Amino acid sequence: RAYYNSNIQNNTTMSTGITCDEEVTASFNGLKLQTGGYKGCKYITYKINDEKTHIVVDTVGEVGKGYDDFLETLPGNDCRYAVVDIDVETSDGRETSKLVFIAWVPDTCKVRSKMMYAGSKETLKVCFAGLGIHYNANDYADLDFETCIKPAVLKFV
C-alpha cells in the first residue's frame, strides 16, 4: 500500500526551505561539460535570492577570466557559493583541471546569512552531480591559490 510521508524532505530542499533554481543545475552542467554559453568559462558564483527562496546564478566568468577575476566577484560582507575550474600541473608535469565547489562565508557577514548559507549548502551539492572537491573559505587568505587552493586540488589529482 502506498502512502505519503510528510516528514521526508525533497532532495533539493533542506531545512531552510531554500531550493535550487533550474538554471543552477543547467549552468553547472554547462561549466562541467564546457558546452553552450559556458564554453571557456572558468567559474560561476551562486547566491540565495532576495526573497530567500531559491539559490540562483549570481555571476558567470566570461571567457578569458581567471581565478583572480573570480576573487574580485566575491563580496566582502556577504556569502556566496561558487564552482571554479582550477588548472594545475601534476607532480609528473601534466596539465589538468578540476572543478572545485567553494562555500564563501566571510567572518564579517551577518549571522543570519551565515546560517542560511550553511543550512542550504547540501541542497546545492545535490544539484552538482560528480563534483568531488569541496572547500570552505571564511576570508580571502583562505582562498590564496598557491597556499590553499592548489594544495587542496592536488590531493585529488
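Refer to the structure above for everything that follows.
The notes below deal with the structure included here. Just so we're clear, the structure is a prediction, and the values are computed from it rather than from any experiment. (Residues numbered from 1 in each chain as written. Predicted model: local features only at pLDDT ≥ 70, side-chain atom pairs only at ≥ 80, totals over all residues. Heavy atoms only, no water.)

## Description of the pattern of salt bridges
Taken as a whole and assessed by the stated rule, the structure comprises seven salt bridges. Between R80 and D58 there is a salt bridge whose closest N-O contact spans 2.8 Å. Taken together, the residues span a long stretch of sequence, with R80 in strand 4 (residues 80–89) and D58 in strand 3 (residues 54–60) at a distance of 22 residues. Since its relative accessible area comes to 11%, R80 is described here as buried. Relative accessible area serves as the criterion here: at 26%, D58 is assigned to the partly exposed category. Put simply, D92 and R94 hold a salt bridge, and the shortest N to O gap is 3.2 Å. For D92, a relative accessible area of 54% gives the class exposed. Under the relative-accessibility criterion, R94 is labelled partly exposed at 46%. Where salt bridges share partners, they join K42, D85 and D87 into one cluster. (Salt bridge = Lys/Arg side-chain N within 4 Å of Asp/Glu carboxyl O. Helix = DSSP H or I, 4+ residues; strand = E, 2+ residues; numbered from the N terminus. Buried < 20%, exposed > 50% of the residue type's maximum accessible area, 1.4 Å probe, protein only.)

## Some details on the sheet that holds strand 3
Strands in a sheet are paired, the pairing made by backbone hydrogen bonds, and the direction either parallel or antiparallel. Spatially, 1-3-2-4-5-6 is the arrangement adopted by the six strands of the open sheet, whose pairing is mixed. Lying at the two open borders of the sheet, with one neighbouring strand each, are strand 1 (19–20) and strand 6 (133–137). The pairing of strand 5 (residues 95–104) with strand 6 spans five bridges and is classified as parallel. Looking across to strand 6, one finds that V100 is bridged to I133. (Pairing = 2+ DSSP bridges.)

## With respect to unusual backbone geometry
Note: most residues except glycine have negative phi, and most peptide bonds are trans. Within the chain, Q34 stands out as a residue other than glycine whose phi angle is a positive 55 degrees. The residue Q34 is located in the loop between helix 1 (22–33) and strand 2 (43–48) in this model.

## Points about the packing of aromatic side chains
Throughout the structure, instances matching the rule amount to nine aromatic pairs. When the centroid spacing of 5.6 Å and the interplanar angle of 55 degrees are considered together, the rings of Y43 and F70 count as tilted. Of this pair, Y43 sits in strand 2 while F70 sits in helix 2 (residues 67–73), placing them 27 residues apart in sequence. Where Y67 meets F70, the ring centres are 5.7 Å apart and the plane angle is 45 degrees; that geometry is what we call tilted. Taken as a pair, Y67 and F70 lie in helix 2 at a separation of three residues, close to a single helical turn. By the burial criterion, Y67 is buried, and F70 matches it. Among the aromatic side chains, those forming a connected cluster through ring pairs are F28, Y46, Y81, F101, Y117 and F128. (Phe/Tyr/Trp six-rings, centres within 6.5 Å; stacked < 30°, edge-to-face > 60°.)

## Things to note about helix 4 (residues 145–154)
Among all positions of helix 4, only C148, I149, A152 and V153 are buried. Viewed end-on, helix 4 has its buried residues packed into an arc of 105 degrees, placing them on one side of the element. Every exposed residue of helix 4 that faces more than 90 degrees away from the buried side is listed here: E146 and T147. Residues of helix 4 that are buried make contact with helix 2, strand 4, strand 5 and strand 6. (Arc of directions from axis to C-beta. Contact = heavy atoms within 4.5 Å.)

These values are about where atoms sit, not about what they do.
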